[in-house]
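Residue-level structural notes
What follows is each chain in one-letter form.
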Amino acid sequence: MLKFMFAKTGRYTTFEVEHYQFRRILRSFLINFKYRGLLPTMLGTVAGATRKSKLPILQDYLFHRQSGLKDWLDIGGLIDQKDLDVPEENRGSGLRYEATSEYELRYVLESLKIPYPSYNFIDYGSGKGIAQAIAAEYPFNAVTGIEYSRKLHLIAERNIEEVKRRGKAVCRDVTSQCGDAMAHELPNMPHVIYLFNSFGADILKVVLDRITTDLAGIKQPIYLLYNNPMQQETVEEHGFFHLIAKPMGGKWRVYSS
Ligand SMILES: C[S@@+](CC[C@H](N)C(=O)[O-])C[C@H]1O[C@@H](n2cnc3c(N)ncnc32)[C@H](O)[C@@H]1O
């Protein structure tokens, strides 16, 4: 038990950055309680405790599966990059589709304490658009996602329409764009940049260079929220951002310019 509390491990070693799982579980518990309430949190605890037993029960309540959005948006699934409709020349080190954990993103976004209307939110490698759906609920100046699979981009567009139709979007300018993250130009204004393990170091370096050029001269801090930061060294060696927090036991890294 002591080892579990203090050792860094990855649940899925090839796909997940090493972090303090105990701290992450504890934080998940508190976040679930904050956003979902007591009963789903208790059910999630039972689900987690029985997960590896012979009789796993209530598995839909596992913390990372709980989402108020998944009931009415198409966001689920794990899709390997080889099964995505991506032009061969763009594949590079792009990674598989997997949706962000809704409450983790809400928690990290809210912990920034920024004047949202002065900021744009962008998700590089936005998949089916869950991060945009969540960010749309905050009064950002604009919320954008850039995704190179047309199939996923079209699903994101439908999801965004549904968020708007249900009157959930506080932000007035929410869009998904189909294209390569490396070619995406940012307007020169403060940004919260979101990255969920979308690609390898080669693409990330190009993206970081673009960010540095496009956002040059901005006085307010630019934030990078990096979920499952498999390429954290690339960000830290690049130098535009410095680390300010390691939420979820280090399964996220938050940087500021
Ligand atoms: C782990 S998923 C994250 C999806 C989404 N950000 C979310 O949080 O739910 C990574 C996504 O990045 C996309 N991707 C990978 N390389 C890309 C690139 N060079 N340009 C645009 N999208 C890319 C993949 O198609 C995939 O949908």
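These lines cover the structure that appears in this document, whether it is placed above or below. (Residues numbered from 1 in each chain as written. Predicted model: local features only at pLDDT ≥ 70, side-chain atom pairs only at ≥ 80, totals over all residues. Heavy atoms only, no water.)

Some details on helix H2 (residues 21–36)
Definition in use: Here a strand is any run of E in DSSP of at least two residues, a helix any run of H or I of at least four, and the numbering for each starts at the N terminus. The span expected for a helix works out to 1.5 Å for each residue beyond the first. A 1.4 Å probe rolled over the protein chains alone gives each residue an accessible area, and that area as a share of the maximum for its type sets the label: buried under 20%, exposed over 50%, partly exposed in between. This arc is taken over the directions from the axis of the helix to the C-beta atoms.
Between the first and last C-alpha of H2 there are 21 Å, a value that for 16 residues agrees with the 22 Å anticipated at 1.5 Å per step. Every buried residue belonging to H2 is among Gln21, Arg24, Ser28, Ile31 and Asn32, and all of these are buried. The buried residues of H2 all sit within an arc of 105° when viewed along its axis, so they share a single face. Positive phi appears at Gly37, one or two residues downstream of H2, with a value of about 100°.

Quick notes on the packing of H2 against helix H5 (residues 102–111)
Applied cut-off: To get an axis, a line is fitted to the C-alpha atoms, and for a helix only the part in contact is used. The angle between two axes follows their N-to-C directions and goes from 0 to 180 degrees. Roughly parallel means an angle under 35 degrees; roughly antiparallel, over 145; roughly perpendicular, 65 to 115; everything else is oblique. Note on contacts: a residue pair qualifies if any of its non-hydrogen atoms lie within 4.5 Å across the two residues. In this classification, Asp, Glu, Lys and Arg are treated as charged, Ala, Val, Leu, Ile, Met, Phe, Trp, Tyr, Cys and Pro as nonpolar, and every other residue, Gly included, as polar.
Contact geometry of H2 with H5 gives a least axis separation of 10 Å together with a crossing angle of 85°. Considering the angle they form, H2 stands roughly perpendicular to H5. In contact with Arg24, Arg27, Ile31, Asn32, Lys34, Tyr35 and Arg36 of H2, H5 contributes Tyr103, Glu104, Arg106, Tyr107 and Glu110. Residue composition of the contact of H2 with H5, by class: four nonpolar, one polar and seven charged.

Re helix H7 (residues 150–165)
In this model, H7 (16 residues) spans 22 Å end to end at C-alpha, consistent with the 22 Å of a helix rising 1.5 Å per residue. Within H7, the full set of buried residues consists of Leu152, His153, Ile155, Ala156, Asn159, Ile160, Glu162 and Val163. For H7, the elements touching its buried residues are strand E3 (78–79), strand E4 (97–98), helix H6 (130–135), strand E6 (142–147) and strand E7 (174–178). Phi turns positive one or two residues past the end of H7, at Gly167, with a value near 70°.

Describing the site of the ligand
We count it as follows: Here a residue counts as near a molecule or strand whenever at least one of its heavy atoms sits within 4 Å of it. Polar contact is the term for a pair of N or O atoms within 3.5 Å; when the atoms are in protein, one must be able to donate a hydrogen and the other to accept it, and sequence-neighboring residues count only if both atoms are side-chain atoms. Only the protein chains shown count as cover for residues, and the accessible areas themselves come from Shrake-Rupley with a 1.4 Å probe.
Not every one of the 24 residues close to the ligand is listed here, only the nearest: Thr100, Asp123, Gly125, Glu147 and Ala181. Contact distances for the ligand include 2.7 Å between an oxygen atom and a side-chain N or O atom of Glu147. With respect to the ligand, the side chain of Asp180 contributes an N or O atom lying 3.2 Å from a nitrogen atom. Across the complex, the protein chains shield 99% of the 600 Å² of accessible surface that the ligand would expose by itself. Every element with two or more residues in the shell around the ligand is listed here: E4, E6 and strand E8 (191–196). Of the residues assigned to the shell around the ligand, the class counts are twelve nonpolar, seven polar and five charged.

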